[in-house]
Amino acid sequence: MTLNFAEAHRRWVGVLALVAGVCACGGGGAASPATTPTPVLLPAVNIVSVAAADPGSSLAAGWEYGAVMEIFVRSYQDSDGDGIGDLRGLISRLDYLRDLGIKGIWLMPVTASQDGDHGYAVTDYRDIEKAYGSLTDFDELLKQAHARGIGVLIDYVINHSAALNPLFIHSRAATDNTFRSWYVWQDPAPTGWSIYGGNPWRYWVNGAYFAGFDTGMPDFNLLNPAVVAYHQDNLRFWMNRGVDGFRFDAVGNLVENGPSAWDKQPQDYTIMGQMRSVTLAYQRRTMVCEGPADSRGFAADTACGSAFAFDLNGNLIAAAKGNASAAQAVSDYFKTAPANMSTFLSNHDAFAGQRVWDQLAGNVAQYKLAAAALLLLPGRPYIYYGEEVGMGGALSLADDGRLRTPMSWSADATAAGFSTVKPYRVLSSNAATQNVALVAADANGLLAHYKALLALRNGLPSVAQGSYVAPFASGTALGFQRVLGNERTLVLFNFGSAEAALDVTSLPASATLQSAYPAAGAGASATAAGTARITLPAQSLRVFKVLP
C-alpha cells in the first residue's frame, strides 16, 4: 500500500489510539484522558548490556574527511519489486557511489519503526526495519561497503522513541513500573509550555508524558543514568557489527529544564560527550550531530566533535546566486567556525531548505558553484542523494516527503529505475531530465562536475584536511588557500555575472600556480612579494596547486 508521509503519520497515531486508548491528537495540545484501556500483556524489552568488541576497521585513515552521501534507504533502490527501497538495493548501487568518489554513506534510520516512512519513531534499537531487510542484509551491506573503501554511518535517535516501543509501553503501564522513569512524566501536567506551536505534554490515564515532537514519539528521560547507559549499549551493538559511526538526531532537545529552557541545555552537551567517548573508543569511528540552534557549540570536542553547519548552507546557496553579502559570509565562516563542521547544501528536512535544484530554479552554472564551494571549503561535506544529478523535489507534495522521493536513476516514467513497479511515493518532478542515465552522458553535466571535484578532494590532502589560509572576498568573488604540510592549494570563485580580476596575496614568493581545476587550465606565477593577479570569467572556479 502506498502512503504519503501525512497518511502514514495519521495511521500510526490511530494505531496508538486503538491499541492503547490514548487520544490521537497528533502534534496539538494535550487531550483529556481517554477511557481506561483494557489491561494487556506487556511486551518483552531488550536492555541487555553490550560489551565493546571492536572488529577494527579496514577503512583508510582519515576516511571521514571524504564526502558522505546521505541516503534514505526507502527511496534509494528497490531490489524485490515491492516499490520500497531496501538494503539489498543499496548494495547493488555501491559501485556507483565508489565511482562517484564517495567515502561514506549516512543512512537515515534503518532501525525498526512504527511510522512506516521516515523512521524516527524507533520501536527496536537493535533490529532492522522489516521493509528494508534483515540484520544479515545489513551485515552484507557493511561488508560490501568496506570492500569499496566506504564507511557506513547510521542515524541514531537518542531524544525519543516510538510510543509503541516496548520500553514506553512499560513506562505508561503503571506509575510504579520499572521503566516509568525512563521517560518524562508529570502528574498533573505542567502548564505554560509551547514547543513548535503545540503543547508537548500528552495526557495518559496515570499522568502526562512529554513528547516534544509528536504524541507518538515520547521523549526519553536522559537525566536517568540507566537510559544513557542503554543508548551507549546500543551504540556498541552496532559498532561491534562494524558500523563506522553515527548521525545523532535532535541533540539540542535532550533535556527539558522548564517551559523556556528546553533547547540546547547544558546537559545536552554533556550527554553527547558521553556518546562520543563510546564511539571514539573504537578504531576509526566518527559521529556528527544535528543541533540547528547551536551548530558550532555541538561541534566541540567536549560534545559531538562535529555538527551540521546549519549556519552556513543558506549562504552557500545565496553566494552561488551572486549575493555579495553571502559570499562575504562564506569567506568569513571558517575564520571562527571549527574546521570539523559537517557542511551540506540540503538534506531531508524542509526547514533546512528545499532541494538544491529547486532553490536555484535549475540554474546549472550556479549549482556547480554551490557544489564546488561545499567540496573545497573546510569541513566534512555531506551530499544528499540525487543532489549529484540535480534531483528536484516532488512539487505535488507539501511536506518533507517532497524531499524524500525515489532516486532518479533513469527516465522511466513509472519508477525512474528505482523499482520494477510503481514506487511507494511519487517521483521527483524533474525525474525525466535529471536522472543518472541522462546526466552521466553529458561530459559537462552535473555528475561529471561532482566526479571531478570529488577526485580533486580525494587526491589533495590539503583540500580534505588542510588549514584555511588567507581567505578574502571581493564583491561576488572570493578566494582562500588550503595548506597541509608542504602541500598548498589555492581556490578562487567568481559567483558574479561579470568577469572578475582578483589580486591574490599571501602566496609563497615566486611560487608557480599549476592549474588543478580545470585540469587543462592555464597556470600563473606569483611575484617575489607573493602576489598574483588572476582573472576569472563570470560564474567560474579555479583551483591551483601552489608549487615552490
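## Side note on the packing of aromatic side chains
Link 1 in the chain: Evaluated as defined, the whole model comprises 38 aromatic pairs.
Link 2 in the chain: With a centroid separation of 6.0 Å and an interplanar angle of 75°, the aromatic rings of W106 and Y382 are classed as edge-to-face. Linking W106 in strand β2 (residues 104–107) with Y382 in strand β12 (residues 380–384), this pair joins segments that are 276 residues apart in sequence. Note on accessibility: W106 and Y382 belong to one class, buried.
Link 3 in the chain: Here F168 and Y183 contribute two aromatic rings whose centre-to-centre distance is 4.9 Å and whose plane-to-plane angle is 75°, an arrangement assigned as edge-to-face.

## Concerning the pairing of strand β8 (residues 207–210)
The two faces of the sheet receive side chains in turn, since in a regular strand these alternate between them.
Link 1 in the chain: By the alternation rule, side chains of β8 split into G207 and Y209 and A208 and F210, which are all buried.
Link 2 in the chain: In this structure, strand β6 (residues 185–186) lies alongside β8, joined through 2 bridges in antiparallel fashion. Bridge pairing in β8 places Q186 opposite A208.
Link 3 in the chain: Bridge analysis of strand β7 (residues 201–204) against β8 gives 4 bridges, and the strand direction is antiparallel. Across the sheet, the residue bridging to Y203 is A208, located in β8.
Link 4 in the chain: In sequence, β7 turns back onto β8 through a hairpin of 2 residues.

## A few points about the nonpolar core
Nonpolar side chains in soluble globular proteins tend to end up buried together.
Link 1 in the chain: Judged by nonpolar contacts, the single largest core of 129 residues is most densely connected at L97, I105, L107, F138, F248, L376 and F493.
Link 2 in the chain: Sorting elements by how many residues they give to this core places helix α12 (residues 364–376) first, with 9 residues.
Link 3 in the chain: By size, the runner-up hydrophobic cluster in this structure holds 16 residues, among which are F472, L492, L507 and F544.

## Some thoughts on the pattern of salt bridges
Link 1 in the chain: Scanning all chains against the criterion turns up 18 salt bridges.
Link 2 in the chain: One salt bridge connects D95 with R98, and the closest N-O pair in it is separated by 3.4 Å. With a gap of 3 residues between them, D95 and R98 both fall in helix α3 (residues 94–100), about one helical turn apart.
Link 3 in the chain: Residue classification places D95 among the partly exposed positions, given a relative accessible area of 32%.

## Things to note about helix α10 (residues 324–336)
Link 1 in the chain: Of the residues making up α10, those classed as buried are A326, A327, V330, S331, Y333 and F334.
Link 2 in the chain: Each element contacted by the buried residues of α10 is listed here: α8 (295–298), α9 (313–320), β11 (342–344), β13 (467–474) and β14 (477–484).

## Comments concerning the sheet that holds β7
Link 1 in the chain: Sheet architecture is open: 3 strands sit in the order β6-β8-β7, paired in antiparallel fashion. One side of each edge strand has no neighbouring strand; the edge strands of this open sheet are β6 and β7.

## Quick word on unusual backbone geometry
Link 1 in the chain: Residue P188 is reached from D187 by a cis peptide bond, and omega for that bond is 5°.
Link 2 in the chain: With respect to the helices and strands, P188 occurs in the loop between β6 and β7.
Link 3 in the chain: With a phi close to 50°, Y196 is a non-glycine residue in the positive phi region.
Link 4 in the chain: For Y196, a relative accessible area of 53% gives the class exposed.
Link 5 in the chain: Phi at A361 is positive, roughly 50°, even though this residue is not glycine.
Link 6 in the chain: By the element assignment, A361 lies in the loop between α11 (356–359) and α12.

## Remarks on the packing of α12 against helix α14 (residues 446–459)
Link 1 in the chain: Closest axis-to-axis distance for the α12/α14 pair is 10 Å, and the angle between their directions is 20°. Here α12 is positioned roughly parallel relative to α14, judged by the angle of their axes. For the pair α12 and α14, the sense of crossing is right-handed. Here V364, Y367, K368, A371, A372, L375 and L376 of α12 lie close against α14, whose contacting residues are L446, H449, Y450, L453, L454, L456 and R457.

Rules used in this analysis
Residues numbered from 1 in each chain as written. Predicted model: local features only at pLDDT ≥ 70, side-chain atom pairs only at ≥ 80, totals over all residues. Heavy atoms only, no water. Phe/Tyr/Trp six-rings, centres within 6.5 Å; stacked < 30°, edge-to-face > 60°. Helix = DSSP H or I, 4+ residues; strand = E, 2+ residues; numbered from the N terminus. Buried < 20%, exposed > 50% of the residue type's maximum accessible area, 1.4 Å probe, protein only. Pairing = 2+ DSSP bridges. Core = buried A, V, L, I, M, F, W, Y, C linked by side-chain atoms within 4.5 Å. Salt bridge = Lys/Arg side-chain N within 4 Å of Asp/Glu carboxyl O. Contact = heavy atoms within 4.5 Å. Axes fitted to C-alpha atoms, helices over the stretch in contact; angles between N-to-C directions. Parallel < 35°, antiparallel > 145°, perpendicular 65-115°, else oblique. Left-handed = near helix turned anticlockwise from the far one by under 90°.

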